[in-house]
Amino acid sequence: MKLIVKEYDIYNKKILDDIKICLVADFHLSHISSDEKVKLVINDIKEKRPDYICICGDYIDCTNMLDDKSIYDKSILYLKELSNIAKVIFTLGNHDITKMLKRRKHKFNINKKWIHDISNIPNVIFLYNEIYQEKGIRFIGYVLPHKYYYDKKRENEDILIESYKKYISNASSNKLNILLCHSPMRIFNDNVFNNIPSLKNMDIILSGHMHNGMLFNYMDKIWKGNIGFIGPHKKLFPSVSRGIKTKTIDGKKINLIVTGGITKIQEVAPKILHFLDKLYNPEISYINLKNNIKK
């Protein structure tokens, strides 16, 4: 097993000094998640020493997992290890706000004690539809609502637009705006930008959720572009599954970066598929923000 590391250079005049951000998502901590994979991630981050670590959702596999003290304690321990390296910007994905019921049914649920404990770890900034700002950078942690992921239409644009307008304030055009949004599936659509004018002020959008389109390791090297093999809800060839994608609006470039995640097959998936996770390497991304203009 090895760690897949992807790096992206982004040039922007708003950046005062060069900054390195580590983007990581989809730990899916559970009874079957791999400690070895997490240790590979932590060791690489220790070596690279980024300025910020952005955890973009699905840190746990479902809130049921937190009923197990060993998983609960592990989730806190990993965050403490990471926060000793750099400031951690932490937001939630659909698995972090979902309780699994019998017969594969589920409901919205948040473990308030867990959120309290995370929020009180020194150097961890927990963002639930909130903004954290320092050094000319604004981190916006946008948590898509539970119904966005699980209503009949699955990842409905209208729900995204409605909730974003309700919970996220306008982004300052003078700051470097970095949006953490767990799912990239709709956030980069033209219709979403047309209906959320303030979204055009974003400079970078960081996401996970797609598990690198479930491409096997050898496929990742030859399968070019952003398209994956299969995405959430069994959608074939999802168009925004991996890597970096750019959009230019009114002369302004916006970058979407989707990281492949640590765990590909989680415990809440059918048991017959669990062995497949060993066939996938964990992935993290580094974003090098630079002030100088690319030549």
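The rules we used
Residues numbered from 1 in each chain as written. Predicted model: local features only at pLDDT ≥ 70, side-chain atom pairs only at ≥ 80, totals over all residues. Heavy atoms only, no water. Salt bridge = Lys/Arg side-chain N within 4 Å of Asp/Glu carboxyl O. Helix = DSSP H or I, 4+ residues; strand = E, 2+ residues; numbered from the N terminus. Buried < 20%, exposed > 50% of the residue type's maximum accessible area, 1.4 Å probe, protein only. Core = buried A, V, L, I, M, F, W, Y, C linked by side-chain atoms within 4.5 Å. Contact = heavy atoms within 4.5 Å. Patch = residues over 30% accessible without salt bridge, like charges linked within 9 Å, V, L, I, M, F, W, Y side chains within 5 Å. Areas by Shrake-Rupley, 256 points an atom, 1.4 Å probe, with all protein chains shown as cover.

1. Here we look at the pattern of salt bridges
- Summed over the entire model, instances satisfying the criterion amount to 12 salt bridges.
- Between Asp73 and Lys69 there is a salt bridge whose closest N-O contact spans 2.6 Å. Pair noted here: Asp73 and Lys69 are both in helix 2 (residues 69-83), with a separation of four residues, about one helical turn.
- Asp73 sits in the partly exposed class, given a relative accessible area of 34%.
- It is possible to trace a salt-bridge network through shared partners that takes in Lys14, Asp203 and Lys252.

2. Section: the nonpolar core
- Grouped together as the largest cluster of nonpolar side chains are 39 residues, with contacts concentrated most on Ile53, Ile55, Tyr59, Phe90 and Trp114.
- For this core, the secondary-structure elements that each account for two or more residues are strand 2 (19-24), helix 1 (35-48), strand 3 (52-56), helix 2, strand 4 (87-91), helix 3 (112-119), strand 7 (124-126) and strand 14 (283-290).
- Setting aside residues no more than four positions away along its own chain, Tyr59 makes contact with Phe27, His28, Leu29, Lys74, Ser75, Tyr78, Leu79, Phe90, Asp96 and Trp114.
- By size, the runner-up hydrophobic cluster in this structure holds 28 residues, among which are Met185, Val240, Ile254 and Val258.

3. Some points on a nonpolar patch on the surface
- Where nonpolar side chains cluster on the molecular surface, the patch consists of Ile227, Phe229, Leu236 and Phe237 and spans about 380 Å² of accessible area.
- Along the chain, Phe229 falls in the loop between helix 7 (217-222) and strand 12 (243-249).

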